[in-house]
Structures are given as C-alpha cells and as structure tokens.
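Residue-level listing of the chains:
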Amino acid sequence: MTHRMSTYWQRWGIFLILLLPIALLMILNPVFRQPGNLFNLWQQASIIGIIAIGQTMVIILGGVDLSVGAVAALSGVVCYLMFGLGGGGLAMVGGVVAALTACAIVGALNGLLITVFNITPLIATLGVLSIVRGLVLIVTNGELVYAEGPAYAFSEFLQDSTLWLPNAGLLFVGLAVAAALVLRRTIFGQYIFAIGGNEKAASLAGLPVLQVKILTYAICSMMAGVGGLLLSSRTASALPNAGISYELQAITAAVIGGAALGGGKGSIFGTVLGILLITAIGNGLNLYNVSPFWQTGVTGLILLLAVGFSTWGNREARSVIR
Amino acid sequence: MTNTNQQQSDGRERVLSLRGISKNFGAVSALTDIDLDVHTGEVVALVGDNGAGKSTLVKILAGVHQPSSGSITFRGNPVTLDDPSAALRLGIATVFQDLALCENLDVVANIFLGKELSPFRLDEVSMEVKAWTLLNELSARIPSVREPVASLSGGQRQTVAIARSLLLEPKLILLDEPTAALGVAQTAEVLDLIERVRDRGLGVIMISHNMEDVRAVADRIVVLRLGRNNGVFDPDASNQELVSAITGASNNSVSRRASRRQAQNVQAQAPQGQAPEARR
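Owing to the predicted nature of the structure, the values given are computational and were not obtained by experimental measurement.

Participant: Would you mind showing me how to read the overall build of chain A here?
Facilitator: A count of helical and extended segments in chain A gives 13 helices and four strands. When the accessible surface of chain A is summed, it comes to about 14500 Å², and 71% of that surface belongs to carbon and sulfur atoms.

Participant: In this structure, what is going on with the interface of chain A and chain B? I would like to understand it.
Facilitator: Note: interface size is frequently given as the accessible area lost on complex formation between the parts. At the interface, 18 residues of chain A touch 19 residues of chain B. Per-residue buried area on chain A facing chain B is highest for Ile-187, Gln-190 and Leu-204 of chain A; these three make up 36% of the total on that side. Elements supplying a minimum of two residues to the side of chain A that touches chain B: helix H7 (167-185), helix H8 (187-197) and helix H9 (199-204) of chain A. Considering each element in turn, the side of chain A that touches chain B owes the most residues, six residues, to H8 of chain A.

Participant: Even after reading the chapter, I still don't get the sheet that holds strand S2 (residues 28-39) of chain B, so can you show me in this structure?
Facilitator: Hydrogen bonds between backbone atoms are what pair the strands of a sheet, whose relative direction is either parallel or antiparallel. Residues and elements named next belong to chain B. Taken in spatial order, the four strands line up as S2-S1-S4-S5 in an open sheet, and their pairing is antiparallel. Unpaired on one side and paired on the other, S2 and strand S5 (77-79) mark the two borders of the sheet. Looking at each pair of strands side by side, their axes are set apart by 25 degrees on average, direction ignored. In the sheet, strand S1 (residues 14-25) pairs with strand S4 (residues 69-74) via five bridges, with the strands oriented antiparallel. Bridged to Leu-18 within S4 is Ile-72. On the sheet, helix H1 (residues 54-61) packs against S1, S2 and S4 and is oriented at approximately 120 degrees with respect to S1.

Participant: Is there a simple way to think about the UniProt feature "transmembrane region" (unreviewed entry) in chain A in this case?
Facilitator: Residues and elements named next belong to chain A. Here, the residues flagged by UniProt with the feature "transmembrane region" (unreviewed entry) are residues 12-29, 41-61, 68-86, 92-115, 122-142, 162-183, 268-287 and 293-312. With 100% helix and 0% strand, residues 92-115 has its two end C-alpha atoms placed 35 Å apart. Structurally, residues 268-287 is divided into 100% helix and 0% strand, and its ends, taken at the C-alpha atoms, are 28 Å apart.

Participant: Looking at this structure, I do not really get the confidence of the model for chain B. What am I missing?
Facilitator: Any segment with low pLDDT has predicted coordinates that should not be analysed in fine detail. All names here are of chain B. Predicted confidence across chain B gives a mean pLDDT of 85, with 88% of residues reaching 70 or more. Averaged pLDDT values for the elements of chain B fall to 49 in helix H10 (residues 276-279) and rise to 95 in helix H3 (residues 107-111). Counting contacts from residues 3-8, a segment whose pLDDT is below 50, to residues more than four positions away or on other chains yields 14 contacts.

Participant: How do you make sense of helix H8 (residues 239-247) of chain B when you look at a structure like this?
Facilitator: Think of an α-helix as 3.6 residues a turn; residues three or four steps apart then line up on the same face. Residues and elements named next belong to chain B. When we look at burial in H8, the residues that qualify are Leu-242, Ala-245 and Ile-246. Across the axial projection of H8, the buried residues extend over an arc of 100 degrees, all falling on one side. Contacts from the buried residues of H8 go to strand S3 (42-47), helix H7 (211-217), strand S9 (220-225) and strand S10 (228-233). Where H8 starts, the residue carrying a side-chain oxygen 3.1 Å from the main-chain nitrogen of Glu-241 turns out to be Ser-238.

Participant: Sorry if this is basic, but what is going on with helix H5 (residues 154-166) of chain B here?
Facilitator: All names here are of chain B. Between its terminal C-alpha atoms H5 stretches 19 Å, which fits the 18 Å expected from 13 residues at 1.5 Å a residue. Counting buried positions over the 13 residues of H5 gives 12, a clear majority of the element. Turning to H5, its buried residues number three or more, namely Gly-155, Gln-156, Arg-157, Gln-158, Thr-159, Val-160, Ala-161, Ile-162, Ala-163, Arg-164, Ser-165 and Leu-166.

Participant: I keep staring at the pairing of strand S8 (residues 203-207) of chain B and nothing clicks. Help me out?
Facilitator: Remember that side chains alternate between the two faces of the sheet whenever the strand is regular. Residues and elements named next belong to chain B. Where burial is concerned, most of S8 is hidden: five out of the five residues are buried. Neither face of S8 is exposed, since Gly-203, Ile-205 and Ile-207 on one face and Val-204 and Met-206 on the opposite face are all buried. The pairing of strand S7 (residues 172-176) with S8 spans five bridges and is parallel. Bridge pairing in S8 places Leu-175 opposite Met-206. Since S7 and S8 lie parallel, the crossover through helix H6 (residues 184-199) that links them has a hand, and here it is right-handed.

What counts and how
Sequence positions are assigned chain by chain, starting from 1 and proceeding in written order. By the order in which they are written, chains take letters starting at A while ligands take numbers starting at 1. The predicted origin of the model limits local features to residues at a pLDDT of at least 70 and limits the giving and counting of side-chain atom pairs to 80 or more, whereas totals for whole chains, interfaces and linings rest on all residues. To obtain the side-chain values, all non-hydrogen atoms of the structure were used and water was disregarded. In this description a helix means any DSSP run of H or I spanning at least four residues, a strand means any run of E spanning at least two, and both kinds are numbered starting from the N terminus. We get accessible surface area from the Shrake-Rupley algorithm with a probe of 1.4 Å; when it comes to residues, only the shown protein chains can shield them. In this analysis, two residues are considered to be in contact whenever any of their non-hydrogen atoms come within 4.5 Å of each other. We define buried area as the total accessible area lost by two parts upon association, computed with a 1.4 Å probe and summed across both. Should DSSP find at least two bridges between two strands, the strands are regarded as paired. Only the contacting stretch of a helix is used when fitting its axis, a line to C-alpha atoms as for every element, and angles between N-to-C directions run 0 to 180 degrees. UniProt positions are given in the numbering used here, feature names are shortened, and annotations may be inferred rather than shown by experiment. Per-residue confidence from the predictor is reported as pLDDT, which spans 0 to 100. Accessibility here uses a 1.4 Å probe with only protein chains present; expressed as a share of the type maximum, an area under 20% marks a residue as buried, one over 50% as exposed, and anything in between as partly exposed. Note that the arc is computed from the directions linking the helix axis to the C-beta atoms. Any N or O atom pair separated by 3.5 Å or less is treated as a polar contact, with the protein-specific requirement of one donor-capable and one acceptor-capable atom, and with residues adjacent in sequence counted only for side-chain atom pairs. Expected span of a helix: the number of residues minus one, times 1.5 Å. Note on handedness: a clockwise path from strand one over the helix to strand two, with the strands aimed away from the viewer, defines a right-handed crossover.

Dropping the structure here:
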C-alpha cells in the first residue's frame, strides 16, 4: 500500500467501517430513514456533540477532560436551582448564566491543576470529576431538581423548532461552526495546535501557554455546561447523576474525527461526523431493541478501533519520514 | 593563533562584547571569566569539548540563564538578559539544537509563531507573502510554505528555524549545532544559509563539533576549555593547534598524525641515493 493510500485509510478508514452498518440500516430498516427519526437523531447528537466540541479542543491541546459528564450534571442542577428561586424571564437568564459560570470555574480549576500544579490531565480531571459529582449529590441530596414556570419555558424553547429544524440541533451546528472558526482562523486556535504539537517549542516562542491551557479547559467545561442544559431541558428537570459515561462518547467522537490523543491534531468537522456516526449506530441498536448495556460496549469498541487506526497511521507516517 | 578578540574587526561595528562572564550552578563552576567579541557580518564559531561551557554561554546570551558575574555589552550598551523575550527584544535570536519547531504546523505558522501579524485573527495571506519573501531572500529550498514541518528534511527544518529567527530583524543570531545529524547535502545547504545570514550584516555565533563546517563558514574560532577561554584562532589554523586547544593535550592522535606526515614529507624530500638509516 502506498504512503498516500495508507494516509487516506488512516484518516477515513474508521468512517468507512462505521458507515457500513449505517448504510445497512438505511437499506434494511425503513423506520431508521424516516425524517422523524433522523430529526430525533440530530437532536440526540446535539447534547454529546456540544460536549465533544469542547473535548476536541482539549485533546488538540494535548490534554483530556474526564470531568465533562459531571460538569454537565452540575450545569443542569445549578440552572434548575436558580429557576426554583422564581422571577420569570430574569430567572431563566440568571439560571443559564449561573450554570455556565459554575462550569467555567470548574474548567479553570482543571486548567490550574494541570498547569500550575503540574498534575497530568488524566488525574486532575478524574479528581475534579469525583469532586463535582460528589458536590452535586450533596447539594441535591441525590434527588431530582425541578422547577415550575421558567423551567418549562426554557425546556420548551430548547426542545422547539425553527423552520422545522430543532433548536438544539441549530445550537449544536452554530457552536460547531464557531469552534471551527476559532481553531482555524484565530491566533488562539493556532496556539492550541502549537501547544498540543510541541509545548516546549510553543513556550520558547513566547506563547502564553498557561493562559491558553486554562482558557481551553474553561471553554471545554462551558461546552459541557451547554450540553448539560440541553440534557436537562429534555425532561424539564435536572438529574444529579446525569452525564455518566459522556466523557467516553465525547473522546470517542473526537478520536473518530481524527484527533490525536497526543495532541496537535484534530478538527471540529471530524468530531461532528464522529458524533453523528456514534449516535446513528446507537439509534440503530435501539430500533432493534438491543440493550443499552451493549451500546456502551459498542462505544468502547469504536474508541479502540479509532485509536488503533490513529496509532497505526502515525507509525506508518514515521517510517516513511525515517 | 590570533588575538582578534579585543579589536575592531575591519572597522565593523562590535555587536556583542562579553567581559569576565562567569556562571556557577551551586558549587559547580560552568563558566569562568569568559571574554568574547562579535562584530556585524561575522561568523564566530564556538568550539570545545563536551562540558566546555558552550551551551551554557549560548543560554546566557539567549536569556535562559543569567550570569553569576561579568558584563554583557550589546551594540555599545550594557545590558541584562533576564529572560528569552528580553534577548529577542534587544535583537538576539537563538536557534536551539532541537530547533523548537511545532511539527504539526505548517512552515508559515512556525515562522510566525508568537509573532503573528494581527492581534486576534490570523492574517494568512500577509503571513504567507512575508514568509515566501524571507525564504526567497535566503534562497531556501522549501517546496511549499503550507507544508507541515513534519514532512520536511532536516536541512529544510533548520532553514525554517533560521528564517523564523530572522523575522524580528535581529542583530545577532546564535546557532546551536546547526549541522548536527544532517547529511552532506543538507549540511551544505545550511552552511550556505549561514553565509547568507552573515552577508546580511548580522553577527553569528555558531556552536559546532564539526571542524570542517567551522572552517567552511567561520571568520574566527573561539575555543572554550573547562569553562574558560582557551584561544582565538583564524579558520586556517592547523588541526593540531585546534585540537590541542580543545583537549588541552599537545600529544594526541591528531598531533601524532601530523608528526608522521611531516616525517614522511622529509623522507620523500631526502636524496634517493642516501642510506635508509639516514632517511629514517
């Protein structure tokens, strides 16, 4: 196999493998290809998709954030606790702002632990995951948080449609486009790629490595917060144990999309494709009444496949350069 | 051995002057009373054995380390180099041995890394034009400035690193082992580049272990030994002189080889009819 062929296979091979079952679903299952189901699929993909956008930025930076699921739960709980204070439209805005601020603080904490205290991203974010999850359970006493009035209005808005397109889906697309522009067209995005590619070189070039890392982790947590708000809007209530295993799906989507876990490589477009593929496969398994436990296993298998492709491709590239 | 260290070199401006530079790491003395002058349009090669203090001296000039004592004069003004950005602001650029390039980024991104033309949005067009202009001025052989650095050869990477160091129009460039681990063709490419940098009127300090490369481009060779000055030589100084200064030993393989060659020359010049004993 020529180098060019192996490069294409490394980049798109995992997509082709995952497109095969989706193509079969399209042909064999008429329910799958119904507009209503595809509409639902897009809406489902939006929650994890928005979380995966933030995760992609962190992975390109050369890190990983395992706390996104817990942060999504925190976001919903803070927002709905604020809704409970009452105050109509003002409470709605206040709830969203408070939720995203709390998430940004958690993200900045992740960044500080990694940069200032030099803790590896895996351990730092795992620790923060436990702290946040514990905090949410303490505050809610492990019970569902719901509020009348603003909660319903908020839920209705996010679950509604504009020109037959789901608002949640439009928000997902909007954030994906914004993130892609930031990564590809701004100096901040360039710095994320540079730090992920060679942190020492970036530092010697005078890049504000510490600030970029903290800000990127804060953005990732805010994205997780937005995902958490979408999740809670589906039931007009906040579950303290929401978002479990979301980090796995977000990382899988990013890696399928071509992000290298070593950093310096990845794209938002790839991640969006990755999340759509994962959601479509999950949706297909649902249509055939496959247990949700199996679905988690399938996601893990896809992650292993994607990382395998990435590692194999990098080894091929290195041997060619050598 | 010459003593050009103290004097003006052909009336050219003295860009850098070090006097009595010492550096201690705890109880260990890495540099002791180093004196060094560099003029505009001059390549000064810094040679010495491992542990001679070459890299420490370059790191002091790059602002990575601060000297324990001594003075640094840059373009006639006494200066302190507190950090790498202070050195860059003054006009001292460094190309480190590992090049400090981001292999995942393209040539343009690497050249402008940390020195982007606009404060927020990437001005891709202007940066690409400026990158091409700079590389063309250096007659660099880069296939495309949109090529990721990972796909470039060692010589091309060195070219990108040197081009990046020229971006802020420095007055002095420090090159740490610029030809290490390069093939013959790539080495020639980099040495050509160093000559072109000198022709632009910049002062160049080049660390190297390769005497052939040093002789090819250096105007002066400064030898460090055990953290001290151990002589300043012209590039046409004999290998024996240089190796003696570097190692501190007058009896070594180079000097013995030179003696043998000298003996062979004497032998060849002896009259043919003479007895072998006399020739020996």
